[in-house]
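If you want the building blocks of each chain, they are given just below.
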Amino acid sequence: MLNEEQKKAYFEELAASGAKKLCGLGTCTSGFPCGHEKHSMVKPARLMSTAPECPLAKYNIQAERDPRPFWEKKRSEIEPTEEELFALCALCENGEVTELADGEYLELVRKDIRYCFDCHVAMARDGMAELSAEARMS
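Everything numeric here is computed off the predicted structure, so don't read it as measured data.

Student: What am I meant to see in a nonpolar patch on the surface here?
Tutor: Residues Met48, Ile113 and Phe117 make up a contiguous nonpolar surface patch of roughly 300 Å² in combined accessible area. Residue placement: phenylalanine 117 occurs in the loop between strand E2 (106-110) and helix H4 (120-137). Exposure remark for phenylalanine 117: the relative accessible area of 40% places this residue in the partly exposed category.

Structural data, given as structure tokens:
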């Protein structure tokens, strides 16, 4: 079992990797005024979040222009994993992680769901959950 310091370091490493995949691969579709180039084909919706700024802003990710077309990139280079998304939420001021009684699993609790309305991390987690549910129904 990891102690608190080891757990935090593990989450920080995963979160940094996930933030880079969500925020550093090109243009941004977020409605937050984050300073990143906005995607020309996607007009961001009006912000509904209670977050004062983009939840990924604290990672100071700079967009990198990779000259390779998307089909030449590995999936692991461009798509965050469930673990990376969990770590981002675990380190967010709106997230709280609790260990279940058996000590085996961690559970994520969102303190204010409105905070997550416009968050890329929440959207990615919800999208993964939806794809998983659709796959189970096939």
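Resuming the write-up.
Student: How should the environment of glutamate 77 be read in this particular structure?
Tutor: With respect to the helices, strands and loops of the structure, glutamate 77 is situated in helix H2 (residues 75-78). By relative accessible area, glutamate 77 is classed as partly exposed at 33%. Residues glutamate 77 and leucine 88, spaced eleven residues apart in sequence, show a C-alpha to C-alpha distance of 17 Å. If near-sequence neighbours (up to four positions away) are discounted, glutamate 77 is found in contact with Lys21, Leu25 and Arg68. Within the local environment of glutamate 77, its side chain forms a polar contact with the side chain of arginine 68, the two groups lying 2.9 Å apart.

Student: I tried to follow the packing of helix H3 (residues 82-91) against H4 on my own but got confused; where do I start?
Tutor: When two helices pack together, their arrangement is captured by the angle between the axes and the distance separating the axes. Running from N to C, H3 and H4 point in directions that differ by 140 degrees, and their axes come no closer than 10 Å. Here H3 lies oblique to H4, going by the angle between them. Crossing of H3 against H4: the hand is left-handed. Taking contact as the criterion, the partners of Glu82, Leu85, Phe86, Leu88 and Cys89 in H3 are, on H4, Val121, Ala124, Arg125 and Met128. Counted by class, the contact of H3 with H4 contains seven nonpolar, no polar and two charged residues.

Student: I would appreciate a short explanation of the pattern of salt bridges in the present structure.
Tutor: Pairs may arise between side chains of opposite charge once their charged atoms sit close together. If you walk through the whole model with that rule in mind, you get seven salt bridges. Residue lysine 20 pairs with glutamate 64 through a salt bridge whose shortest N-O separation is 3.6 Å. With lysine 20 in helix H1 (residues 4-23) and glutamate 64 in the loop between H1 and H2, the pair connects residues that are 44 residues apart, well separated along the chain. Judged by its relative accessible area of 40%, lysine 20 is partly exposed. Here lysine 21 ties to glutamate 84 by a salt bridge, and the two come within 3.1 Å at their closest N and O atoms. Separated by 63 residues along the polypeptide, lysine 21 in helix H1 and glutamate 84 in helix H3 bring together distant segments of the chain. Each of the two residues, lysine 21 as well as glutamate 84, counts as buried.

So, how was this worked out
Residues numbered from 1 in each chain as written. Predicted model: local features only at pLDDT ≥ 70, side-chain atom pairs only at ≥ 80, totals over all residues. Heavy atoms only, no water. Patch = residues over 30% accessible without salt bridge, like charges linked within 9 Å, V, L, I, M, F, W, Y side chains within 5 Å. Areas by Shrake-Rupley, 256 points an atom, 1.4 Å probe, with all protein chains shown as cover. Salt bridge = Lys/Arg side-chain N within 4 Å of Asp/Glu carboxyl O. Helix = DSSP H or I, 4+ residues; strand = E, 2+ residues; numbered from the N terminus. Buried < 20%, exposed > 50% of the residue type's maximum accessible area, 1.4 Å probe, protein only. Contact = heavy atoms within 4.5 Å. Polar contact = N/O pair within 3.5 Å; in protein donor to acceptor, adjacent residues only side chain to side chain. Axes fitted to C-alpha atoms, helices over the stretch in contact; angles between N-to-C directions. Parallel < 35°, antiparallel > 145°, perpendicular 65-115°, else oblique. Left-handed = near helix turned anticlockwise from the far one by under 90°. Nonpolar A, V, L, I, M, F, W, Y, C, P; charged D, E, K, R; others polar.

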